[in-house]
Every structure is written in structure tokens, then in C-alpha cells.
Amino acid sequence: GEAQASSTGVRMALASSNVNSAAALLGRPHRVLWRSVRDLCTVASGLHEIELTEPSNQPPGEGLYSVSAALTLAASAIATGADASFVPAKVEINAGGEARLQLPH
């Protein structure tokens, strides 16, 4: 049978970095909106790193994740996705819960 969706099950899957299980329980990919970003630098690998803070909900546990990212300047645009172009990126989350968006430079 199908797995029953529960917020506890989703939180447990995310805490253990199992985004596939969380997506199966939700019936869609898990989505996190970060409200604040701080530009960090371009690292040796050629990726531009941006610090992410204030997640809208629970991000997954420690790991490196392939994501679709859209950067907007206005909070209203973030909430609605208006005028946002999504680009492939990576989000790295460390054991302390700090998150960094990695974009090709």
C-alpha cells in the first residue's frame, strides 16, 4: 500500500536527509524558501556561494542536494514565484544546519 502522509513522517525523513521519502509522503518534491541570503564569495571550484538563512520550513539534514533555485529581490516575488527564473544549483547543508547555495559562476 501507499505510505500515509504525516507531518511527523516527513520531518523524520528530512532529518535523516531522505528527501526521496519526504517527497513520496508529500506527493511532490519538498520545497524550502529561504528569506535572507548573504553573498559569500566565488570559491576555487568556480562556484558562487550564497549563505541561506531563515528557512520557511524544515530543510533536509546534512548533505549536498541538487535543486532548482530562483533568486528574487522582493519578498513578495519569493512568495509567489513571480518573475523568477529557476536555474540548476546545489545546496550544501552542514551538520550545524547552516546552508549554502552553490551557483555556477
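Residues numbered from 1 in each chain as written. Predicted model: local features only at pLDDT ≥ 70, side-chain atom pairs only at ≥ 80, totals over all residues. Heavy atoms only, no water.

**Section: the overall build of the chain**
Formally: The numbering of helices and of strands both runs from the N terminus, where a helix is a DSSP run of H or I of at least 4 residues and a strand a run of E of at least 2. Think of it in three bands: residues with accessible area under 20% of the maximum for their type are buried, residues over 50% are exposed, and the middle band is partly exposed, with areas taken using a 1.4 Å probe on protein chains only. Two residues form a contact once any of their heavy atoms are found within 4.5 Å. To be clear on the numbers: accessible area is Shrake-Rupley with a 1.4 Å probe, and residue cover counts the displayed protein chains and nothing else.
Looking only at helices and strands, the chain has three helices and five strands in total. When the helices and strands of the chain are placed in sequence order, the string is α-α-β-β-β-α-β-β. Scored against the burial criterion, the 105 residues of the chain give a buried share of 23%. Counted over contacts in the chain with a minimum sequence separation of 6, partners at least 24 positions apart contribute 50%. Approximately 7000 Å² of the chain is accessible, and the part contributed by carbon and sulfur atoms is 54%.

**Considerations on the pattern of salt bridges**
Threshold: Basic side-chain nitrogens of Lys or Arg form a salt bridge, by our definition, when they fall within 4 Å of a carboxyl oxygen of Asp or Glu.
All chains considered together, the criterion is met by one salt bridge. The salt bridge involving E49 is made with R100; its shortest N-O contact spans 2.9 Å. With E49 in strand 2 (residues 47-55) and R100 in strand 5 (residues 99-104), this residue pair connects regions lying 51 residues apart in the sequence. Accessibility expressed as a relative area gives 39% for R100, which makes it partly exposed.

**Overview of the nonpolar core**
Rule in force here: What is meant by a nonpolar core is a set of buried Ala, Val, Leu, Ile, Met, Phe, Trp, Tyr and Cys residues, joined one to another through side-chain atoms within 4.5 Å.
Membership of the largest hydrophobic core is limited to 12 residues, which are V32, W34, I50, L52, Y65, A69, A89, V91, I93, A99, L101 and L103. Where this core is concerned, the elements lending two or more residues are strand 2, strand 3 (63-69), strand 4 (87-93) and strand 5. Judged by nonpolar contacts, the second largest core, of five residues, contains A13, L14, A22 and L25.

**A short note on the environment of V10**
With respect to the secondary-structure elements, V10 resides in helix 1 (residues 7-15). The exposure class assigned to V10 is buried, which follows from its relative accessible area of 10%. For the pair V10 and H30, spaced 20 residues apart in sequence, the C-alpha to C-alpha distance is 9.2 Å. Excluding residues that lie within four positions of it along the chain, V10 makes contacts with A22, L25 and L26.

**Some remarks on the side chain of Q102**
Heads up, the condition is: Counted as a polar contact is a pair of N or O atoms within 3.5 Å, where, for protein atoms, one must be capable of donating a hydrogen and the other of accepting one, and residues adjacent in sequence contribute only when both atoms are in side chains.
Checked against the element boundaries, Q102 lands in strand 5. Since its relative accessible area comes to 10%, Q102 is described here as buried. Here the side chain of Q102 touches E49 through a polar contact of 3.3 Å, side chain to side chain. Within polar-contact distance, the side chain of Q102 engages the side chain of E92 at 3.2 Å. The residues contacting Q102, other than those within four sequence positions of it, are L47, H48, E49, L64, A89, K90 and E92.

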